[in-house]
Amino acid sequence: MRILEKSPCAFLSNCEIWRVRPDTIDTELQIFIVGPEGSWPEETRFGVTFATDAEQFGNMVPNMVRTLTTFGDVYPSYTVSIGYAPTSAQAYSVQRTRDLTPTEWPAYSAFFTEALNEPTVLPTGKALDFLNFIIDELQPALNAAYPINLQDSTLAGHDLGGLFTLFAFLKRPEAFQNYLAISPALWWAESALINLAQGTTASTLSPKSKLYLCAGALEAQHPTESLVSALPEDLQAKLPQGILRPDIAGHIHRLEAALAPWKTQGLTLHTATIPNETQGSVIGAGLSQGLRALNSLTEIYGG
């Protein structure tokens, strides 16, 4: 990984922005690194929360961590939000779909390539490359530059970011100790991630990890349906199954059942359906409850 530029952040204190070029991904990324406020002994090393989608979470995650720290709910920690540089040739939505999805889904690519009138087929299924970048390139660079403790790390994401978080948990569980998946897109590729979980838990021992998995009780009010209805009928007919009305709560129950063998081997699993929250509004509630469940200073969550 080459660090192309380091700059201060104008909207958060104790924040630095890295613009980087990964060795294994053909794009430029923008990394928002925010440290805890206050004065600390020189030898202090802090836990760290990694989050996908800095375009959405660049402010939200560090502010949530700082608020919870101020009121004594969680330990002070660093946050690292990973997004795409404004100079990237491709749109954010195209890149995140490529990098956060664990398997290719040709039907999805074909539909949205046509719907968005893209000149080339939208790529999918590159989550392993993105995960390897975070673990093998970004983490060592951050560890050398900041007083962080990678043995006290959390990975968090929402929607496709939540799907990516669960993929990381199953694929390279040693890289993080805590995983926070908010409204994960388990509908992707006809529940391919749930199938992966079933095979993984049957063939490998559980990591000593904590996983917080949540969705909003009003997730059925999904905005995709109204967007798709504006498209021509012949194109609507090509939409892959499971996207219009995803059964998020049902998928989470299925995933919980797939992970059941690991719960007897060391996995601490919290699941929650949060009242009165939609797919979008659940982000803040999920961050608050999830960070407290995974990094709580008290034992209110048990385990």
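Okay, so let's go over this structure. (Residues numbered from 1 in each chain as written. Predicted model: local features only at pLDDT ≥ 70, side-chain atom pairs only at ≥ 80, totals over all residues. Heavy atoms only, no water.)

1. Here we look at the overall build of the protein chain
When its secondary structure is counted, the protein chain shows 12 helices and 9 strands. For 303 residues, the compact-globule estimate of 2.2 N^0.38 gives 19 Å, and the protein chain sits close to it at 19 Å. In the protein chain, which comprises 303 residues, the proportion classed as buried is 54%. Sequence separation of at least 24 residues holds for 74% of the intrachain contacts in the protein chain that already meet a minimum separation of 6. For the protein chain, the exposed surface amounts to about 13,400 Å²; the carbon and sulfur share of it is 52%. Once the 18 positive and 30 negative side-chain charges of the protein chain are each reduced to a mean point, those two points are 4 Å apart. (Helix = DSSP H or I, 4+ residues; strand = E, 2+ residues; numbered from the N terminus. Rg over C-alpha atoms; globule rule 2.2 N^0.38 Å. Buried < 20%, exposed > 50% of the residue type's maximum accessible area, 1.4 Å probe, protein only. Contact = heavy atoms within 4.5 Å. Areas by Shrake-Rupley, 256 points an atom, 1.4 Å probe, with all protein chains shown as cover. Lys, Arg positive; Asp, Glu negative; His and termini not counted. Charge placed at Lys NZ, Arg CZ, Asp CG, Glu CD.)

2. Side note on the packing of helix H5 (residues 127-145) against helix H6 (residues 160-171)
Taken N-terminus to C-terminus, the directions of H5 and H6 make an angle of 75 degrees; their axes are 11 Å apart at the nearest point. It follows from the interaxial angle that H5 and H6 lie roughly perpendicular. Contacts between H5 and H6 pair Ala127, Leu128, Phe130, Leu131 and Ile134 from the former with Phe164, Phe167, Ala168 and Lys171 from the latter. Tallied by class, the residues present in the contact of H5 with H6 amount to 8 nonpolar, no polar and 1 charged. (Axes fitted to C-alpha atoms, helices over the stretch in contact; angles between N-to-C directions. Parallel < 35°, antiparallel > 145°, perpendicular 65-115°, else oblique. Nonpolar A, V, L, I, M, F, W, Y, C, P; charged D, E, K, R; others polar.)

3. Things to note about the sheet that holds strand S3 (residues 29-34)
Backbone-to-backbone hydrogen bonds pair the strands of a sheet. The strands run either parallel or antiparallel. As summarised here, the arrangement of the 9 strands in space is S1-S2-S3-S5-S4-S6-S7-S8-S9, forming an open sheet in which the pairing is mixed. One side of each edge strand has no neighbouring strand; the edge strands of this open sheet are strand S1 (2-8) and strand S9 (268-274). Each strand of the sheet is rotated relative to its neighbour by a mean of 20 degrees, with strand direction disregarded. The pairing of S3 with strand S5 (residues 77-84) spans 6 bridges and is classified as antiparallel. Considered in S5, the bridge of Ile33 is made with Val80. (Pairing = 2+ DSSP bridges.)

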